[in-house]
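If you want the building blocks of each chain, they are given just below.
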Amino acid sequence: MKKINVILLLAAFLAAGNVAYSGTVASPYQVGNWPGFRTAAISYTFDDGCSNQFAIAIPMFNEFDYKLTLFTITGASPNWTNLRNAAAAGHEVASHTVTHPTLTPSNEVAELSNSKSAIEANVPSQKCVTIAYPMCVPSTQSVTATYYIAGRICSGSIEVNTPLNFYQISSIGCGSAGSIKTAADFNTKFANTASSKGWCVFLIHGIDSDGGYSPLSSTVLRSSLQYLDARRSTFWVSTFGNVVRYIRERNDVSVAETSNTGDSITLQVTDTLDNTIYNYPVTIRRPFPEGWQMARVSQNGHEVKASILRGTSVNYLMFDAVPDGGELCSQKPFTVMLRTVTL
Ligand SMILES: [Zn+2]
């Protein structure tokens, strides 16, 4: 009886979640729940193209080197130059449909596909892979999945570290009409996200007096970034799309050691996902090899950032690797070389 229950639970979870855990990570390697083995993830998403998102939020986020997401209404004459500049700085330009209707089976295909193609035509440096549903009403999931890897709703909760449904990812409204108005409101959500090891997505429209819906104070926005900046080893702040990429990759990635000569270790890091979309590096660690003083990590001959992560009882060698190594549409595995360096 117990066994049957377990099987049913697993089946229900997989059916509801679009979640695949197909990877195998060989011992002693571990893949971080979040980049750098941080505790929690935070995304700031901005809707409707309100003017202070460009005049205030983007310069502020650039100052902290944090990336945000701009959910853009493509039929509302967005400023494409501003959006191209934002994308060049690493921010995400994503869809908020063409005309901002409540999505229905009769309008959803045109709204979803035309907004995506308009963004990809006008902001060619990135792919448009996520959507925020107008009025938080999701489109038909099978239709959404044709065009996007994830969609945002507004149910006001903090997501677990793998959302049950990538097409209904919760967000928390900010500003005068939202539940997050003050610096203390932000800090409470940050603390709750860290204790649940989850992902918190904020939804912002207006900033100060730009005329946007539910304006948030820029002073409060800044203080939230200062809080996170003081806790960089705990919180990963990134775009909505990159957090989705990371989650899907860390749940799918396989890590295998293919050789270990004592002074050189070779790994294969692969996944089964579409490499044209899923190209974000995942963080891997292993106990620091015995007898090594230093390590250099390279992927396909290019050195990648590696660091020593000091644990309570063991020190780790930690590094980032892109599953399938950026060889677009190729199944060829890449290798990560670890070797000692003569001091
Ligand atoms: Zn909107």
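Just above sits the structure.
Cut-off values and rules
Residues numbered from 1 in each chain as written. Predicted model: local features only at pLDDT ≥ 70, side-chain atom pairs only at ≥ 80, totals over all residues. Heavy atoms only, no water. Pairing = 2+ DSSP bridges. Helix = DSSP H or I, 4+ residues; strand = E, 2+ residues; numbered from the N terminus. Contact = heavy atoms within 4.5 Å. Axes fitted to C-alpha atoms, helices over the stretch in contact; angles between N-to-C directions. Donors = N, O, S within 2.8 Å, 3.2 Å for Na, K, Ca; no water. Buried < 20%, exposed > 50% of the residue type's maximum accessible area, 1.4 Å probe, protein only. Disulfide = S-S within 2.5 Å. Expected span 1.5 Å × (residues − 1). 1 Å grid on protein atoms, 1.4 Å probe; cavity = no way out; pocket = protein on both sides within 12 Å on 5 of 7 lines; lining within 4 Å. Points joined across faces, edges and corners; volume = space filled by probe spheres on them. Nonpolar A, V, L, I, M, F, W, Y, C, P; charged D, E, K, R; others polar. Domains from an automatic or database assignment.

(A) View of the sheet that holds strand β12 (residues 282–287). The four strands lie next to each other as β1-β12-β16-β15, forming an open sheet whose pairing is antiparallel. Only two strands of the sheet have a single neighbouring strand rather than two, namely β1 (30–31) and β15 (306–310). By the bridge criterion, two bridges tie β1 to β12 in an arrangement that is antiparallel. Counterpart to Val 31 in the pairing with β12 is Ile 284. Docked against the sheet, helix α8 (residues 240–252) engages β1 and β12, running at close to 40° with respect to β12.

(B) View of the coordination of the zinc ion. The protein atoms that coordinate the zinc ion are Asp 48 (OD), His 96 (NE2) and His 100 (NE2), at distances of 2.0 to 2.3 Å. For the zinc ion, all donor residues lie on one chain, and their spacing in sequence is D-x47-H-x3-H. On the basis of relative accessible area, His 96 is assigned to the buried category, the value being 1%.

(C) Summary view of the state of the cysteines. Evaluated as defined, the whole model comprises one disulfide. Disulfide pairing is shown between Cys 136 and Cys 154; the S-S distance is 1.9 Å. Measuring handedness by torsion sign, the sulfur bridge of Cys 136 and Cys 154 sits at about -90° and is left-handed. Linking Cys 136 in the loop between β5 (130–132) and α5 (141–147) with Cys 154 in the loop between β6 (150–152) and β7 (172–173), this pair joins segments that are 18 residues apart in sequence. For Cys 154, a relative accessible area of 25% puts it in the partly exposed group. Here Cys 174 stays unpaired: no disulfide links it, and the sulfur of Cys 200, its closest cysteine neighbor, is 8.0 Å away.

(D) View of α8. With 13 residues, α8 ought to run about 18 Å at 1.5 Å a step, and its terminal C-alpha atoms sit 19 Å apart, in line with that. The element α8 is largely enclosed, with a buried count of 12 among its 13 residues. Buried residues of α8: Phe 240, Gly 241, Asn 242, Val 243, Val 244, Arg 245, Tyr 246, Ile 247, Glu 249, Arg 250, Asn 251 and Asp 252, and no others.

(E) Highlighting the layout of surface pockets. Its boundaries defined by the atoms lining it, the largest pocket holds a volume of some 850 Å³. Forming the boundary of the largest pocket are 35 residues, of which Pro 35, Trp 236, Ser 238, Tyr 280 and Pro 281 lie nearest the centre. Of all the elements in the fold, those that place two or more residues in the lining of the largest pocket are β9 (235–237), α8, β15 and β16 (315–321). Looking at the lining of the largest pocket, its residues break down into 13 nonpolar, 13 polar and nine charged. Each of domain 1 (22–34 + 252–339) and domain 2 (39–232) accounts for three or more of the residues forming the lining of the largest pocket. Of the voids in this model, the second largest pocket is the one considered here, and its volume is about 230 Å³. Cys 136, Cys 154, Leu 203, His 205 and Tyr 213 are the residues nearest the centre of the second largest pocket, which is lined by 18 residues in total. Each residue belonging to the lining of the second largest pocket can be placed in one class, and the counts come to nine nonpolar, six polar and three charged.

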